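# Structural overview for review
Here is what each chain is made of, one letter per residue.
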Amino acid sequence: MQTEELTKALEPYAEKFQDRLKFTFFTRTEGTAQVCDRYGVWSNDEILLLEDPRQVKKNEHSHVPTAPKYRLEKVTAERIALFFDGYAAGTWPRYYK
C-alpha cells in the first residue's frame, strides 16, 4: 500500500530531525479547509514543512517575512528523499504562500 511506503520513507527523516521538526498528518476536507488555507495546504498529495507553525501569515500586507516554509507536491518515496535531503542542504526552494 502506498501509505505504508510513504510512512517508511518518512521515518528516517522524522528521526533525523526530531529535535526541530514535528510530523503530523491530515487530509484536506471541508472540516480542515480553514486551517489548510491558513497554512497554504492545497491538496492531499503534498508535504508542507513549517519551521515555525505558530507564525501564520495573516491576510494583510507586511514587510516582515514569515518563518521559512517548504513544499513538496506529488509525494512519492523517492521525492520524499529528494525533499528532505534538499531541505537539509539548504537547496530546496522556500514556499511563499
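Refer to the structure above for everything that follows.
Quick look at the structure, then. (Residues numbered from 1 in each chain as written. Predicted model: local features only at pLDDT ≥ 70, side-chain atom pairs only at ≥ 80, totals over all residues. Heavy atoms only, no water.)

### Description of the packing of aromatic side chains
Geometrically, a pair of aromatic rings is defined through the distance of the ring centres and the angle of the planes. Inclusion rule: Here is the rule: rings of Phe, Tyr and Trp (six-membered ring for Trp) pair when centre to centre is within 6.5 Å. Planes less than 30 degrees apart are stacked, more than 60 are edge-to-face, and the remainder are tilted. Counting from the N terminus, the helices are DSSP H or I runs at least four residues long and the strands are E runs at least two residues long. A simple rule labels every residue: compare its accessible area, found with a 1.4 Å probe on the protein chains alone, to the largest value its type can have, and call it buried under 20%, exposed over 50%, or partly exposed in between. Sitting over a ring, as applied to charges here, requires NZ of Lys or CZ of Arg to be within 6 Å of the ring centre and within 35 degrees of the ring normal.
Here the structure, examined in full by the defined rule, presents eight aromatic pairs. Ring geometry for Phe17 against Tyr87: centres 5.6 Å apart, planes inclined by 70°, an arrangement best described as edge-to-face. With Phe17 in the loop between helix 1 (2-16) and helix 2 (33-39) and Tyr87 in helix 3 (residues 77-89), this residue pair connects regions lying 70 residues apart in the sequence. Across the pair, Tyr87 and Phe17 agree in class, each one buried. Between the aromatic rings of Trp42 and Tyr95, the centroid separation amounts to 6.1 Å while the plane-to-plane angle is 75°, which identifies the pairing as edge-to-face. Separated by 53 residues along the polypeptide, Trp42 in the loop between helix 2 and strand 1 (46-50) and Tyr95 in the segment after helix 3 bring together distant segments of the chain. Following the ring pairs from residue to residue traces out a cluster consisting of Tyr13, Phe17, Phe23, Tyr70, Phe83, Phe84, Tyr87 and Trp92. One cation-aromatic arrangement involves Arg71 over Trp42; the distance from NZ or CZ to the ring centre is 3.8 Å. Sitting above the plane of the Tyr95 ring, Arg71 keeps its charged end 5.4 Å from the centroid.

Shape is all these values report; function is a separate question.
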